[in-house]
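In case you want the letters, here they are:
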Amino acid sequence: MTWPGLLLRNLVRRPGRSSFTLLGVALAIAGFLTLTGVSKGLRDASQASLRERGIDLVVMQRGMVEFFSSNLPEILADDIRRIPGVASVSGELGALLPFGEDNHALVGGWQLDNRPFEAIPLIRGRLPVAGEHGVILGQVLAEALHADIGTTVLLQFSPFKVVGIGGFTSPANSGMAVLRLAELQALLGRPGRVTLFQMQLTRPDNIAAREAVRAAVSALRPDLVVSVPDEVLKTNRSVAMLAASSAAISVAALVMAGLLILNTLVMAVEERTHEIGILAAIGWSRWRIVGLILGEGVILAAAGGLTGAIAGHLGGLALYRFVLLDSGIAITVQLAPAITAVVCAVGLGGLGAIYPAWKASRLSPTAALRQR
Amino acid sequence: MMPAAAAPALLHLERVSRTYDGGRIVALRDVTLSIHLGEFIAVHGQSGSGKSTLINLLSGIEIPTSGVVSFEHLVSPSAAAWTALRGRRIGIVFQDFNLLPTLTAAENVEISMFGQPGGAAVRRGRALALLEDMGIAHRSGLRPQELSGGERRRAGIARGLANRPEILLADEPTSNLDSATGQAIIDLLFDLHQRGHGMTMVIVSHDPALIARCSRRIRLLDGAIVEDTSTVPAWRPAA
Ligand SMILES: Nc1ncnc2c1ncn2[C@@H]1O[C@H](COP(=O)(O)OP(=O)(O)OP(=O)(O)O)[C@@H](O)[C@H]1O
Ligand SMILES: [Mg+2]
């Protein structure tokens, strides 16, 4: 019997206790990863979606708690377009709307006629023309609604005909629907209003030029905020709150994992006092006994951590597929936080084992042997 | 006062008492005793006379309430020093087996060899050889709860011998055994005692045949030594 063999035997031959601890650790780690995935997904979502659209700057109303409550006049585009360094400006009205009876999706009203960069990659079909009540569905949305070209979908309880299937790949874009701006404005009763302006610059890579445009746009009205794609969601309060709370819960999940391991090991030591007495009586040094308990804790934590990392990944996929699809937020469980979580679990497992190991090593052999 | 012996005793108890319950139970009363290399000692006496307490004090798993226990030149060894001694030089056979329930008979013997030279294969080989000597090689893969009392007893003896100790402290090693098996175990212990450097033996027993065969007999009554057939005077540590 090797040393690792001894550790494994001790765990495997107490299957109930070991598997419950492993499950508990796995759940905590999975929770941690899913939640960090949510905050990461939030950050990635806007960035990926705006990048894919080829956008350099986004103009919104400043200080809005809720993304879609930004409300700007469409004609502001003319003022922005006059600023030197601006290549194009296009207004977008955004809303989270019901599809049919029980689906929701992000809907964008786009100025399809005056966008030089509008090139929506279409897999099938065409762009909607004025007056036809046509809609383009992102791939993932089309799949979720079981819709295709020619299907009529109920958007906010009004019929729209699917005329194109978009080929965007970012989660937000592929989960959204695009209408003509005027038709969405009419549907929402917000004629002449947009949520944001998407801008392209003549020299997108020149930071000084970009900052000059930003300053000029900001000077147009006191209530404007001009963001690069990465910042769009960061400036949004509700998203920041969601990100902060998921970060807090994910840390709590990780601490829970550590406490679980601690609890199991403390219990293991209590119920194995007699056994530890035997080991001490046959000449096991304090350090070897500590090593045994630490080793078992670390193995449990590592196994639980790995199981949790896999479960967290699958959980993230499921959460995206079944819950967050319409929000355009992908849960991106990534390798780096997964490794961090497993390392943390193992570290906490080790820390968690120190107390019971220390306790065990202080027992006198006969005192321990007397306990059954 | 006895004259000092030339060499220090292997183990020495100087006016050792062990009480429990705040002094209300006296398990061992003012015992002075030297054990020398190569002795074969039987400890006997009625139940509750303090035999187990005495043998536990000799291995350091029990600490005296008063008096001094020394191992060679080590006077009142620390807990860690006692542990090291039990790991290398002192073998213990417990009255109530004390086998680990999650491990098989062979694994129970192997665990006492962690920390000794040799890898897993060496430990395995030695454990199986010892179980063979005890006549339970065919039971080596079973866990304690699957073994009979006599088989557990023999697994416990095998574990006590695993590290080739210089001294074996065995608490009733032949109880629970039928007379033939008991006799075989006794023969094996005498064989280990006579072979090579000779293992020093301290055996607690009720078995008159075994007691009669021992070169030195110590009888306890109510925690005190009432008979010791030793011919060697007790060793006194230098003042
Ligand atoms: N931990 C303890 N707490 C209280 N009393 C104890 C303890 N250990 C031993 N004793 C008492 O000390 C006395 C001696 O016990 P010990 O176990 O040494 O006897 P023994 O000679 O080995 O008996 P047996 O032949 O039954 O094994 C007994 O009266 C016992 O009840
Ligand atoms: Mg006894």
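Quantities reported herein were computed from a predicted structural model and do not represent experimental measurements. (Residues numbered from 1 in each chain as written. Chains lettered and ligands numbered in written order. Predicted model: local features only at pLDDT ≥ 70, side-chain atom pairs only at ≥ 80, totals over all residues. Heavy atoms only, no water.)

Chemist: Sorry if this is basic, but what is going on with the packing of helix α4 (residues 120-133) of chain B against helix α5 (residues 149-161) of chain B here?
Modeler: The packing of two helices is summarised by the inter-axis angle and the distance between the axes. Residues and elements named next belong to chain B. α5 packs onto α4 with a crossing angle of 130° between their chain directions and a minimal axis gap of 9 Å. By the angle class used here, α4 and α5 are oblique. The handedness of the crossing between α4 and α5 comes out as right-handed. Two secondary-structure elements touch here, α4 through Arg126, Leu130 and Leu131 and α5 through Ala155, Ala158 and Leu161. Residue composition of the contact of α4 with α5, grouped by class: 5 nonpolar, no polar and 1 charged. (Axes fitted to C-alpha atoms, helices over the stretch in contact; angles between N-to-C directions. Helix = DSSP H or I, 4+ residues; strand = E, 2+ residues; numbered from the N terminus. Parallel < 35°, antiparallel > 145°, perpendicular 65-115°, else oblique. Left-handed = near helix turned anticlockwise from the far one by under 90°. Contact = heavy atoms within 4.5 Å. Nonpolar A, V, L, I, M, F, W, Y, C, P; charged D, E, K, R; others polar.)

Chemist: Sorry, what's going on with the domain arrangement of chain A here?
Modeler: Splitting chain A by domain gives domain 1 (3-45 + 239-370) and domain 2 (57-227). The C-alpha centroid of domain 2 of chain A is placed 45 Å from the C-alpha centroid of domain 1 of chain A. (Domains from an automatic or database assignment.)

Chemist: Would you explain the coordination of the magnesium ion (ligand 2) in this entry?
Modeler: Reference values for angles at a metal are 109.5 degrees in the four-donor tetrahedral case and 90 or 180 degrees in the six-donor octahedral case. Distances from the magnesium ion (ligand 2) to its protein donors, Ser52 of chain B (OG) and Gln95 of chain B (OE1), fall within 1.9 to 2.2 Å. In this pair, Ser52 of chain B sits in helix α1 (residues 51-58) while Gln95 of chain B sits in the loop between β6 (90-93) and α3 (105-111), placing the two residues 43 residues apart along the sequence. (Donors = N, O, S within 2.8 Å, 3.2 Å for Na, K, Ca; no water.)

Chemist: Quick question: what am I supposed to make of the sheet that holds strand β1 (residues 11-20) of chain B here?
Modeler: Residues and elements named next belong to chain B. The 4 strands lie next to each other as β2-β1-β4-β5, forming an open sheet whose pairing is antiparallel. Two strands in the sheet have a free side with no partner beyond their single neighbour: β2 (25-35) and β5 (74-75). Of the strand pairs in this sheet, β1 and β2 are connected by 7 bridges, and their pairing is antiparallel. By the bridge assignment, Val16 is partnered in β2 with Val31. (Pairing = 2+ DSSP bridges.)

Chemist: How do you make sense of helix α9 (residues 273-281) of chain A when you look at a structure like this?
Modeler: Helical geometry: 3.6 residues make up each α-helical turn, so side chains three or four residues apart lie on a common side. All names here are of chain A. Of all 9 residues that make up α9, 9 are buried, and the element is covered over most of its length. Within α9, the full set of buried residues consists of Thr273, His274, Glu275, Ile276, Gly277, Ile278, Leu279, Ala280 and Ala281. Immediately beyond the C-terminal end of α9, within one or two residues, lies Gly283, with a positive phi of roughly 100°. (Buried < 20%, exposed > 50% of the residue type's maximum accessible area, 1.4 Å probe, protein only.)

Chemist: Looking at this structure, how should I read the pattern of salt bridges?
Modeler: Close approach of charged atoms allows side chains of opposite charge to pair. In total, this model carries 23 salt bridges over all chains according to the counting rule given. A salt bridge links Arg9 of chain A to Glu107 of chain B; the shortest N-O distance between them is 2.3 Å. Highlighted residues: Arg9 of chain A in helix α1 (residues 3-12) and Glu107 of chain B in helix α3, drawn from two different chains. Two residues, Asp148 of chain A and Arg124 of chain A, come together in a salt bridge whose shortest N-O distance is 3.2 Å. Taken together, the residues span a long stretch of sequence, with Asp148 of chain A in the loop between α4 (139-145) and β7 (152-155) and Arg124 of chain A in strand β5 (residues 122-125) at a distance of 24 residues. For Asp148 of chain A, a relative accessible area of 33% translates into the label partly exposed. For Arg124 of chain A, a relative accessible area of 39% gives the class partly exposed. (Salt bridge = Lys/Arg side-chain N within 4 Å of Asp/Glu carboxyl O.)

Chemist: Which parts of the structure should I look at to understand the site of ligand 1?
Modeler: Inspection of the region around ligand 1 gives 15 residues, with Ser47, Gly48, Lys51, Ser52 and Thr53 of chain B positioned closest. Of the chains in the model, those with residues near ligand 1 are chains A and B. In this structure, an oxygen atom belonging to ligand 1 sits 3.0 Å away from a main-chain N or O atom of Gly50 of chain B. A distance of 2.6 Å separates an oxygen atom of ligand 1 from a polar atom in the side chain of Thr53 of chain B. Relative to its unbound accessible area of 630 Å², ligand 1 is 68% covered by the protein chains. Elements represented by at least two residues in the shell around ligand 1 include exactly β2 and α1 of chain B. The biggest single contributor to the shell around ligand 1 is α1 of chain B, with 3 residues. (Near = heavy atom within 4 Å. Polar contact = N/O pair within 3.5 Å; in protein donor to acceptor, adjacent residues only side chain to side chain. Areas by Shrake-Rupley, 256 points an atom, 1.4 Å probe, with all protein chains shown as cover.)

Chemist: Before we go on, may I ask you to explain the nonpolar core in this structure?
Modeler: Across soluble globular proteins, nonpolar side chains have a tendency to be buried as a group. Residues Trp284 of chain A together with Ile111 and Val202 of chain B are the most contacted members of the largest nonpolar core, which totals 52 residues. When residues in this core are grouped by element, the largest group, 5 residues, is from α9 of chain A. In this view, Val202 of chain B contacts Ile35, Ile41, Val43, Ile55, Leu58, Ile167, Leu168, Leu169 and Ala170 of chain B; residues no more than four positions away in its chain are not counted. Leu145, Phe160, Leu181 and Val226 of chain A belong to the second largest nonpolar core, which has 39 residues in total. (Core = buried A, V, L, I, M, F, W, Y, C linked by side-chain atoms within 4.5 Å.)

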